[in-house]
Amino acid sequence: MRKHILVTSSSFEETFDIGYAIGDMAMPGTMLGLLGDLGSGKTALIQGIARGLQVPENYYVTSPSYTLVNEYPGRLHLFHIDLYRLSGVELEDIGIYDILASASSVVAIEWAERLPEHCLVEFLEINIEITGEETRKIFFTAHGNQHVQFLDRIENRLKEKLWH
């Protein structure tokens, strides 16, 4: 089962707020696969997700480009994975399979297309496209029943905020 929606963002703050809504509604086992060019806003979205998950303000949420994985405590534990610099690293070495098997956490993966296809079966794909200096198109594709239902809730929340 799949579902697609498109949301536009006209600023960093809107992208952050969209992320906040995602984090606020996330359930244990939520998997997020983020796609998009460098500078498209993947980290801004994840910063919002972290705040929506109630990650304390004293945790600076940044892309784990060199460490590959950052962990944050919150209402649900957040694993933030960045696969941009993955070359030469075995996924087992960074514990990615254990993280993906965590049914009690939220996992957000930047550059998710670098994972083997079998790693993400049920997840919410978020593809951010740069359309201007501050503007973005955010394409959501839910894969699997749990994430289709999750995307329905996100869509309803974003409609309340009048984002389309």
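Residues numbered from 1 in each chain as written. Predicted model: local features only at pLDDT ≥ 70, side-chain atom pairs only at ≥ 80, totals over all residues. Heavy atoms only, no water.

Peer 1: Whenever I open this one, the pattern of salt bridges confuses me. Can you help?
Peer 2: It is possible for side chains of opposite charge to pair when their charged atoms get near one another. What the rule picks out here adds up to four salt bridges. Measuring nitrogen to oxygen at the nearest pair gives 2.9 Å for the salt bridge that ties Asp24 to Arg157. In this pair, Asp24 sits in helix 1 (residues 12–25) while Arg157 sits in helix 4 (residues 145–160), placing the two residues 133 residues apart along the sequence. Here Asp24 falls in the partly exposed class, since its relative accessible area comes to 29%. Among the residues examined, Arg157 registers a relative accessible area of 22% and is labelled partly exposed. Each member of the salt-bridge network shares a partner with another, and the members are Lys3, Asp152 and Glu155. (Salt bridge = Lys/Arg side-chain N within 4 Å of Asp/Glu carboxyl O. Helix = DSSP H or I, 4+ residues; strand = E, 2+ residues; numbered from the N terminus. Buried < 20%, exposed > 50% of the residue type's maximum accessible area, 1.4 Å probe, protein only.)

Peer 1: Explanation requested: the pairing of strand 7 (residues 136–143) in the structure shown.
Peer 2: Taken residue by residue, a regular strand's side chains alternate between the two faces of the sheet. Buried residues dominate strand 7, accounting for six of its eight residues. Bridge count between strand 1 (residues 2–9) and strand 7: eight bridges; the pairing is antiparallel. Bridge pairing in strand 7 links Ser9 to Arg136. Relative to strand 7, strand 6 (residues 123–130) runs antiparallel, the two being bridged by eight bridges. When the sheet's bridge partners are listed, Ile130 is paired in strand 7 with Arg136. Taking the residues that link successive antiparallel strands as the turn, the strand 6-strand 7 hairpin has five residues. (Pairing = 2+ DSSP bridges.)

Peer 1: Looking at this model, I keep getting lost on the environment of Gly39. Mind explaining?
Peer 2: Of note, Gly39 is situated in the loop between strand 2 (31–36) and helix 2 (42–52). Among the residues examined, Gly39 registers a relative accessible area of 61% and is labelled exposed. Considering only alpha carbons, one finds Gly39 and Glu129, 90 residues apart in sequence, at a separation of 9.8 Å. With residues near it in sequence (within four places) discarded, Gly39 still touches Ile130 and Arg136. (Contact = heavy atoms within 4.5 Å.)

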